[in-house]
Amino acid sequence: IAGITQAPTSQILAAGRRMTLRCTQDMRHNAMYWYRQDLGLGLRLIHYSNTAGTTGKGEVPDGYSVSRANTDDFPLTLASAVPSQTSVYFCASSDSAGSTGELFFGEGSRLTVL
Amino acid sequence: GQNIDQPTEMTATEGAIVQINCTYQTSGFNGLFWYQQHAGEAPTFLSYNVLDGLEEKGRFSSFLSRSKGYSYLLLKELQMKDSASYLCAVNDDYKLSFGAGTTVTVRA
């Protein structure tokens, strides 16, 4: 049972470079989310998608973009990475939109921007 | 989220009980979650409260008072494997905000 798969697990990136974090789920969940987790700040929502074809902005969307072409995939793109985007990124999914259901998280992608 | 408060750290002895409090402010409350996160791992779901009262699930219980904007997670019969961070998350107007987490250390 795979659940949610994120790639890469870890990446070191030069500032200014473009980076896409991949997220795939096999649970046929409608809702998907991207969070970043920083020490002392907890998990903060970047972008979300309640269903394929729709996306929305979370608490900290600037510098990030997402797409939801199908139910399974929800990639997160940093168009031009900056050091403040150094973080651990978690993708999550839920069978309930509007954050009313249990979230299932991927294992995380640790990104370092130099 | 800035409107969710929980203690930063707690330490307890194996076999003991620990209560982690969470206070919050919302404009449109739609439920409160507790997640467990071991160091270097992904968060995993523990409990969900949407109505006032106590929800019990094995050694873990979660309580909610909507009028007080207050919840707690009770961990009983602590085991070493319970050493982890515990995250309080509140659904406010259908968006989930997380507290910074409480790191619980269980000592032998």
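Look up a bit, the structure's there.
Right, let's walk through the structure included here. (Residues numbered from 1 in each chain as written. Chains lettered and ligands numbered in written order. Predicted model: local features only at pLDDT ≥ 70, side-chain atom pairs only at ≥ 80, totals over all residues. Heavy atoms only, no water.)

1. What about the packing of aromatic side chains?
One pass over the structure, following the stated rule, counts 17 aromatic pairs over all chains. Plain terms: the ring middles of Phe60(B) and Tyr86(B) are 6.5 Å apart, the flat faces sit at 80° to each other, and that makes the pair edge-to-face. In this pair, Phe60(B) is assigned in strand 7 (residues 60-65) and Tyr86(B) in strand 9 (residues 84-92), connecting sequence segments 26 residues apart. These aromatic residues form a ring-pair network of at least three members: Tyr33(A), Tyr35(A), Phe90(A), Phe105(A), Phe33(B), Tyr35(B), Phe45(B), Tyr48(B) and Phe98(B). Stacked on the ring of Phe74(A), the Lys or Arg Arg68(A) has its end atom at 6.0 Å from the ring centre. (Phe/Tyr/Trp six-rings, centres within 6.5 Å; stacked < 30°, edge-to-face > 60°. Helix = DSSP H or I, 4+ residues; strand = E, 2+ residues; numbered from the N terminus. Lys NZ or Arg CZ within 6 Å of the ring centre and 35° of its normal.)

2. Things to note about the state of the cysteines
Scanning the entire structure with this criterion turns up 2 disulfides over all chains. Residue Cys23(A) pairs covalently with Cys91(A) via a disulfide, S to S 1.9 Å. Disulfide Cys23(A)-Cys91(A): the torsion about the S-S bond is -75°, which places it as left-handed. With Cys23(A) in strand 3 (residues 19-25) and Cys91(A) in strand 9 (residues 87-94), this pair connects stretches of sequence that are 68 residues apart. The pair Cys23(A) / Cys91(A) is uniform in exposure class, with both members buried. What pairs with Cys22(B) in a disulfide is Cys88(B), and their sulfur atoms sit 2.0 Å apart. (Disulfide = S-S within 2.5 Å. Buried < 20%, exposed > 50% of the residue type's maximum accessible area, 1.4 Å probe, protein only.)

3. Section: the interface of chain B and chain A
If you look at the interface, chain B gives 17 residues, while chain A gives 19 residues. On the chain B side of the interface with chain A, the three residues burying the most area are Lys95(B), Leu96(B) and Phe98(B), jointly 28% of the side's total. Put simply, chain B and chain A have 3 residue pairs in polar contact (both at pLDDT 80 or more) between them. Elements represented by at least two residues in the side of chain B that touches chain A include exactly strand 4 (29-37), strand 5 (44-49), strand 9 and strand 10 (95-98) of chain B. Looking at the side of chain B that touches chain A residue by residue, the classes come out as 11 nonpolar, 4 polar and 2 charged. (Contact = heavy atoms within 4.5 Å. Buried area = accessible area lost by both parts, 1.4 Å probe. Polar contact = N/O pair within 3.5 Å; in protein donor to acceptor, adjacent residues only side chain to side chain. Nonpolar A, V, L, I, M, F, W, Y, C, P; charged D, E, K, R; others polar.)

Note that every value here comes from positions in space, so none of it alone points to a role or purpose.
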